[in-house]
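Listed below are the residues making up each chain.
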Amino acid sequence: EDPSLERHLKGHRDAVTSVDFSLNKKQLASGSMDSCLMIWSMKPQMRAYRFVGHKDAVMCVQFSPSGHLVASGSRDKTVRLWIPSVKGESTVFKAHTATVRSVHFSSDGQSLVTASDDKTVKVWMVHRQKFLFSLSQHINWVRCARFSPDGRMIVSASDDKTVKLWDKTSRECIHSFCEHGGFVNHVDFHPSGTCIAAAGTDNTVKVWDVRMNRLLQHYQGNAVVNSLSFHPSGNYLVTASNDSTLKILDLLEGRLLYTLHGHQGPATCVAFSRTGDLFASGGSDEQVMVWKTNFDAADYGDVLKTQKSSTSVEETHHALVEMDCGVHLKKTKTQDSGRSHVQQEEETSLANTLEHIMGQLDVLTQTVSILEQRLTLTEDKLKECLENQQKIIQNKTS
């Protein structure tokens, strides 16, 4: 079955710049040039919340892995961390000296990487919004930065026509991929962490192996590619282009599977849900669209289950597709039949509990940050009042 348009979300008042699903698919976040962040509830009755706070265009949005926080970066040079609830409270920090183009959480939710027109990539600690370090070898705007799935590497894409791979621990650039003929708009890691895909203004999508630093695949389109997203199975890639289309590429076959028309004008952003059965796109037509994936649902559903219940890191690694080997996922099921269901259920409930605790921590941290901000405001006001009193007293005595 072909991918199909599931929902049409209207509410933004300018071009949509970024979309992202929460882990449980219950919410979708979108950012726009209208300076607002919107959180759409994916339930049938569809509540949408408009979050106001940024003073200029919102360039990027992303849910934390637990789904309890949303990060956004803006042309106002700040990053905001929001609690995606009715109140929509947020903390704000000045992240860069120019537009923030990209925000991305590490898979453990502890770190945030941001990329900016000030030519730097910065890494932050989420819990105290504490700045950790800068990566500054790009010589033009940095459009996108992403952590690898294991959090050890960072990849960044820039208008200097390079894609750079960084070691997070040593903070050094491991490799620069210079094969792009234009600016590089977007880059991301394959779910296995073994390759990256980059989209550019030279109308191409390029896939590189990050172990051998060699080009694996090259897709030539006929329009600027603005954004891309890997399917969680690692078998497909969806792209958003200036010719208003979304394209789904089959990475195992190395060919274009579908071209989807829906947006009126450039398609600016696209993202698969964390389970891969949906994807969302945004355009300069102010629309957000939600699509049903529909392709070989059974295959990747099985594989994702297998990966979740795999006992060891080694096994999980086998379950992930190595693109350059062209191994199909169906052949790589590695479920240990010797394990009891009870064991699996216990592990699942433990994982869920841990995830819940992490989420609660996120919210607590956020609340503390908000309280700290209010306290600072109160202190400032108090100082102002005291100064004014002093002035009044001085005026009376003089």
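Remember, it's a predicted structure, so these values are computed and weren't measured experimentally. (Residues numbered from 1 in each chain as written. Predicted model: local features only at pLDDT ≥ 70, side-chain atom pairs only at ≥ 80, totals over all residues. Heavy atoms only, no water.)

(A) Structural view of the sheet that holds strand 28 (residues 287-292). The strand order 1-28-27-26 describes an open sheet built from four strands, whose pairing is antiparallel. Each edge of the open sheet carries a strand with a single partner, namely strand 1 (4-10) and strand 26 (267-272). Within the sheet, the average angular offset between the axes of one strand and its neighbour, ignoring direction, is 20°. Relative to strand 27 (residues 278-283), strand 26 runs antiparallel, the two being bridged by five bridges. Residue pairing for strand 27: Ala271 is matched across the bridge by Ala280. (Pairing = 2+ DSSP bridges. Helix = DSSP H or I, 4+ residues; strand = E, 2+ residues; numbered from the N terminus. Axes fitted to C-alpha atoms, helices over the stretch in contact; angles between N-to-C directions.)

(B) Inspection of the UniProt feature "repeat: WD" (unreviewed entry) in the protein at higher detail. UniProt feature "repeat: WD" (unreviewed entry): in the numbering of this structure it lies at residues 9-50, 51-82, 93-134, 135-176, 177-218, 225-259 and 260-292. Helix makes up 0% of residues 51-82 and strand 56%. Its end C-alpha atoms lie 9 Å apart. Annotation note: span residues 260-292, helix share 0%, strand share 61%, distance between end C-alpha atoms 12 Å. (UniProt positions renumbered as here; feature names shortened; annotations may be inferred.)

(C) The nonpolar core, seen in detail. Counting 17 residues, the largest nonpolar core has Val79, Phe93, Val103, Phe105 and Leu112 as the members making the most contacts within it. Only strand 6 (58-63), strand 8 (78-82) and strand 10 (100-105) provide two or more residues apiece to this core. Ignoring anything within four residues of it in the chain, the contact list for Phe105 reads Gln62, Phe63, Ser64, Pro65, Leu69, Ala71, Leu81, Ser111, Leu112, Val126 and Phe147. (Core = buried A, V, L, I, M, F, W, Y, C linked by side-chain atoms within 4.5 Å. Buried < 20%, exposed > 50% of the residue type's maximum accessible area, 1.4 Å probe, protein only. Contact = heavy atoms within 4.5 Å.)

(D) A look at the packing of aromatic side chains. Per the stated rule, a full pass over the model turns up six aromatic pairs. Here Trp124 and Phe131 contribute two aromatic rings whose centre-to-centre distance is 5.3 Å and whose plane-to-plane angle is 65°, an arrangement assigned as edge-to-face. What makes Phe131 partly exposed here is its relative accessible area of 40%. When the centroid spacing of 4.7 Å and the interplanar angle of 25° are considered together, the rings of Phe177 and Trp208 count as stacked. Here the residue Phe177 occupies a position in strand 17 (residues 173-177), and Trp208 occupies one in strand 20 (residues 204-209), the gap between them amounting to 31 residues. Trp208 matches Phe177 in its accessibility class, with the two residues each being buried. A network of ring pairs unites the aromatic residues Phe93, Trp124 and Phe131 as a single cluster. We note Lys122 situated over the ring of Phe131; from NZ or CZ to the ring centre the distance is 5.4 Å. (Phe/Tyr/Trp six-rings, centres within 6.5 Å; stacked < 30°, edge-to-face > 60°. Lys NZ or Arg CZ within 6 Å of the ring centre and 35° of its normal.)

(E) Inspection of the pairing of strand 7 (residues 70-74) at higher detail. Judged by how many residues are buried, strand 7 sits mostly within the fold: five of five residues are covered. Here strand 7 shows two buried faces, one formed by Val70, Ser72 and Ser74 and the other by Ala71 and Gly73. Looking at chain direction, strand 6 and strand 7 are connected through five bridges and run antiparallel. The residue bridging Val58 from the neighbouring strand is Ser74, located in strand 7. Linking two consecutive strands that pair antiparallel, namely strand 6 and strand 7, is a turn of six residues; a positive phi of about 85° is found at Gly67 within it.

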